[in-house]
Amino acid sequence: MLKNDLLLRALRNEPVERPPVWMMRQAGRYLPDYLKLKAKYDFFTRVQTPELATAITLQPVDQVGVDAAIIFCDILVIPQAMGMQVLMEEGKGPSLPRVIQTQKDIDALITTGAEESLKYVYDALALTKSELNGRVPLIGFAGAPWTILCYMVEGKGSKTWDKAKQFAYTQPALAHQLLQKITDITISYLKLQAKAGADTVQVFDSWAGSLSPADFKIFAQPYLFQIANALKDDVPVILFPKGSWYALKDISESSASGVGIDWCITPQMARELTGNKITIQGNFDPSKLLGTIPDIKREVKEMIDAFGAQNYIANLGHGITPNVPVDNARAFVDAVKEYESKK
Ligand code: 1CP
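Attention here is on the structure that accompanies the text. (Residues numbered from 1 in each chain as written. Predicted model: local features only at pLDDT ≥ 70, side-chain atom pairs only at ≥ 80, totals over all residues. Heavy atoms only, no water.)

1. Here's the deal with the pattern of salt bridges
Throughout the structure, instances matching the rule amount to 22 salt bridges. One salt bridge in this structure joins Asp234 and Lys191, with 3.0 Å as the shortest N-O distance. Here Lys191 lies in helix α10 (residues 172-196) and Asp234 lies in the loop between α12 (221-231) and β6 (237-241), a separation of 43 residues in the sequence. Linked through salt bridges whose partners overlap, the residues forming this network are Asp5, Arg9 and Glu17. (Salt bridge = Lys/Arg side-chain N within 4 Å of Asp/Glu carboxyl O. Helix = DSSP H or I, 4+ residues; strand = E, 2+ residues; numbered from the N terminus.)

Dropping the structure here:
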């Protein structure tokens, strides 16, 4: 039994005393105890050792007081499970030395049973679940097919994703084959995450906003919806297509229970586009966490006033950045928790 099920109630459109709060990328990055583990173990050791992944996942629950834990892992474990080499270089971010360009490259990817090589993720979820002992819900996650394709084709992060987009626009049949393969594996992977103890799952489409509304409908939305449909009887699904505010109406009519939005859309406009058909998550500008604590507290209250406390999950509009002081992250969370008394 969960002692704090605010997040799950918000996702089920049930009444809450105050909105639940968590922060994208809350595990790792800015917490001193994470940095100590980071100095000792390389990235994939941290991800693949359930005891380490669990310890990192619990840090923001214990130290910042968020209403949900999100398992410590990375979206790029899917390309890895499909047989691609993924390197994580300090200060440089991820890189994939051999990218996808041709039919032959796609044919060489491991598809059947790829999700089984990710047993360490399910083990970490099960261990975290038991350590949480019902304190807060546990969130599983995966990258969205479009965002994973971006890394598989581009080989590293990009501001424009021009190579990934060129691949999709000039070889759409190959792109759809690849997107479908990623989708199928992601569905099996998320189902196994739910079975291992994830109470809800979020699909990060971090680079959806690189596409126009028309191209989002072709290369991103159908695959996001396949995932939401396939998981809907397992756990509530949160879709986060960053930047794709134009898709909010369609998403509100999908099988997803929640949708994440960034800070480039007003709460009023997001509510207008979605009606009250889906729970909205977001959308505090992460850079505002670099301001003063009184400013953070005031702006959080304004944000909740604008969204309303129901059918709403307080969060950032994208991941917390590594330079945020822990006290400021805590002020963000405290401001949401104090909201009830200010109503
Ligand atoms: O050693 C380190 O600390 C490396 C930094 C790091 C961390 C802490 C990477 C490399 N990944 C992670 C963990 C991670 N990644 C989590 C779990 C822990 C947490 O809460 O932070 C999650 C949810 C992710 C998800 C992820 N990885 C996304 C989607 C969310 C988002 O921020 O948009 C993306 C795009 C990635 C790719 C990735 N992995 C790592 C980096 C630096 C990046 C981004 C690279 C780029 O800018 O393209």
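2. With respect to unusual backbone geometry
Negative phi values dominate among residues other than glycine, just as trans dominates among peptide bonds. Following Gly282, the chain continues into Asn283 via a peptide bond in cis, with omega recorded as -15 degrees. Relative to the helices and strands, Asn283 is located in strand β8 (residues 279-284).

3. Observations regarding helix α4 (residues 50-63)
Between its first and last C-alpha atoms α4 spans 20 Å; for 14 residues at 1.5 Å apiece the expected length is 20 Å, and the two agree. α4 sits mainly inside the fold: ten of its 14 residues count as buried. Buried residues along α4 sit against α2 (32-40), α3 (43-48), β1 (69-70), α7 (119-132) and β4 (138-143). Looking at the residues trailing α4, positive phi occurs at Gly65, about 85 degrees. (Expected span 1.5 Å × (residues − 1). Buried < 20%, exposed > 50% of the residue type's maximum accessible area, 1.4 Å probe, protein only. Contact = heavy atoms within 4.5 Å.)

4. A look at the side chain of Thr57
In this structure, Thr57 sits in helix α4. Using a relative accessible area of 0% as the deciding quantity, one classes Thr57 as buried. In terms of polar contacts, Thr57 uses its side chain to reach the backbone carbonyl oxygen of Ala53, at 2.6 Å. A polar side-chain atom of Thr57 sits 2.9 Å from the main-chain amide nitrogen of Phe72. For Thr57, the residues in contact, after removing those within four places along its chain, are Ala27, Ala69, Ile70, Ile71, Phe72, Thr128 and Leu138. (Polar contact = N/O pair within 3.5 Å; in protein donor to acceptor, adjacent residues only side chain to side chain.)

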